[in-house]
Amino acid sequence: MAHVASLSAVGSRLSRLPLPRLASSLAAFPAASISAPGLASSRHNERVSRRAFARMAPAVTASAAAPRVAAEAGPSVPVADLLAAAEAAANKGAAVIMAALDKPRDITYKGATDLVTNTDRESEAAVVAEILRRFPSHLLLGEEGGVTGDASSPFLWCVDPLDGTTNFAHGYPSFATSVAVLFRGKPVAACVVEFAGGPHCWVTRTFTASAGGGAFCNGHRIHASTTDKVERALLVTGFGYEHDAAWAANIDLFKHFTDVSRGVRRLGAAAVDMCHVALGVVDAFWEFRLKPWDMAAGVLIAEEAGARVTCMDGGDFSVFDRSVLITNGPLHHQMLATIAPTTMALIADGFDFSHWLKPADYESDV
């Protein structure tokens, strides 16, 4: 893993953080790196980092509860109407995908291995058309279509028409359509339609959530697990297309948690991973460099199911952040004891974890 640098190397970033995030980030950063910055062994620094976090973080978490990811202020549009629109739009997109399954794919590439299909574009068009039919003045952020609509609107729809395109292209479950609406930057309603099964026996299940209204799968209330020890946990993570420092750091995290847990899965669809935490079939998920459309629906569904959501340095999370850690709650501190020092080491080395892909002129509370 990356060597943990001195606290001064990240001082400028820490000074810009809100107080709860500053406190949690300081707790995550190893005290040993201040008193002994010349330690030769980065592995030794990592061990000291985890011990320092274990000592310091409980006082932080006891003094300041993490704020909710979901919107708390009441939007001008009834939440029930927003949720109905999210579910209808996600089902429109999912219908396009279902019609394309077990048929030849028309595949092009955004990058060397980052592919896109006509189904991605057609699904997004169906989702967007349904949203605009109901709310023509709202702002949209789609994976394929980018930003459209009125930036003065407090409502921003985040659309991933086909999360897990590579899985879809190979006929490998799982993948999903993911739709969420933000009110002033915070999720208020969400729907994820997950595809499971396999060739010639495809099935779907639908996850929904609204701020303060709980999380559901096919209409049944769902809850995160109660697992309280990492060694008894089943975990899930993901890897982006850029094989950079964050990718390498996550390979190390993957190895570590594979050694100490019941296993780490890599399904290839972040929205599905988050819904699986909400469903209680896995106990935690983390990943670097996800986009708002990857996370907006899944984080709300997970939080409404009782999960805890932060950034990977332990700080407060928004859908415009570049890292996310979602756990069932009891495991959060234990996961952060390893993940936070690794993340802070990346920050100290200059890795950019500022907000990204937030539409210009969109006013929010994050």
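Report follows, based on the coordinates. Remember, predicted model here, so these are calculated numbers, not experimental data.

### Some details on the packing of helix 5 (residues 79-100) against helix 6 (residues 118-134)
Now for step 1: Viewed as axis vectors pointing N to C, helix 5 and helix 6 meet at an angle of 155°, and their least axial separation amounts to 8 Å. As the angle between them shows, helix 5 and helix 6 are arranged roughly antiparallel. The handedness of the crossing between helix 5 and helix 6 comes out as right-handed. Taken together, the residues of helix 6 that come into contact with helix 5 (itself represented by Ala84, Ala85, Ala88, Ala89, Lys92, Gly93, Val96, Ile97 and Ala100) are Thr119, Glu122, Ser123, Ala126, Val127, Glu130, Ile131 and Arg134.
Now for step 2: Among the residues making up the contact of helix 5 with helix 6, the classes are represented as ten nonpolar, three polar and four charged.

### Quick notes on the packing of aromatic side chains
Now for step 1: Tallying each qualifying case throughout the model produces ten aromatic pairs.
Now for step 2: Centroid distance Phe175 to Trp202: 5.3 Å. Interplanar angle 55°. Geometry classified as tilted. Here Phe175 is found in strand 6 (residues 175-183), whereas its partner Trp202 is found in the loop between strand 7 (186-196) and strand 8 (203-210), with 27 residues between them in sequence.
Now for step 3: Given the relative accessible area of 12%, Trp202 is considered buried.
Now for step 4: Ring pairs connect the aromatic residues Phe168, Phe175, Phe195 and Trp202, which therefore count as one cluster.

### Here's the deal with the layout of surface pockets
Now for step 1: Its volume calculated, the largest pocket comes out at about 820 Å³.
Now for step 2: Lining the largest pocket are 37 residues, with Phe239, Gly240, Tyr241, Glu287 and Leu290 positioned closest to its centre.
Now for step 3: Elements with a contribution of two residues or more to the lining of the largest pocket: strand 2 (115-117), strand 5 (155-163), helix 7 (165-170), helix 8 (245-260), helix 9 (270-279), strand 13 (284-288) and helix 10 (292-304).
Now for step 4: Considered class by class, the residues forming the lining of the largest pocket number 14 nonpolar, eight polar and 15 charged.

Conventions adopted
Residue positions are given per chain, counting from 1 as you read along its sequence in written order. Totals for whole chains, interfaces and linings use all residues, but because this is a predicted model, local features are given only for residues with pLDDT of at least 70 and pairs of side-chain atoms are given and counted only at 80 or more. Water and hydrogen atoms were dropped before computing side-chain values, which therefore reflect all heavy atoms in the structure. Axis angles are defined between N-to-C directions and span 0 to 180 degrees, where every axis is a line fitted to C-alpha atoms and, for a helix, only to the segment in contact. Only runs of H or I of at least four residues qualify as helices and only runs of E of at least two qualify as strands under DSSP, and these elements are numbered from the N terminus. Angular relationships are summarised with four words: roughly parallel below 35 degrees, roughly antiparallel beyond 145, roughly perpendicular across 65 to 115, and oblique for the angles in between. Crossing handedness is defined as follows: a turn of the near helix away from the far one that is anticlockwise and smaller than a right angle gives a left-handed crossing, while the clockwise case is right-handed. Here, two residues are considered to be in contact whenever any of their heavy atoms come within 4.5 Å of each other. Under the scheme applied here, ten amino acids are nonpolar (Ala, Val, Leu, Ile, Met, Phe, Trp, Tyr, Cys and Pro), four are charged (Asp, Glu, Lys and Arg), and all others, including Gly, are polar. Geometry of aromatic contacts follows a simple scheme: Phe, Tyr and Trp rings, the Trp one being its six-membered ring, pair when their centres are within 6.5 Å, and the pair is stacked under 30 degrees between planes, edge-to-face over 60, tilted otherwise. Three labels apply to residues, based on accessible area from a 1.4 Å probe with only protein chains included: buried if under 20% of the type maximum, exposed if over 50%, partly exposed otherwise in between. A pocket here means an open set of points on a 1 Å grid, computed over the protein atoms alone, that has protein on both sides within 12 Å along at least five of seven lines. A cavity is instead a set of points where a 1.4 Å probe fits but cannot get out; residues with an atom within 4 Å of a point line either one. Grid points are joined across faces, edges and corners, and a volume is the space filled by probe spheres set on the points.

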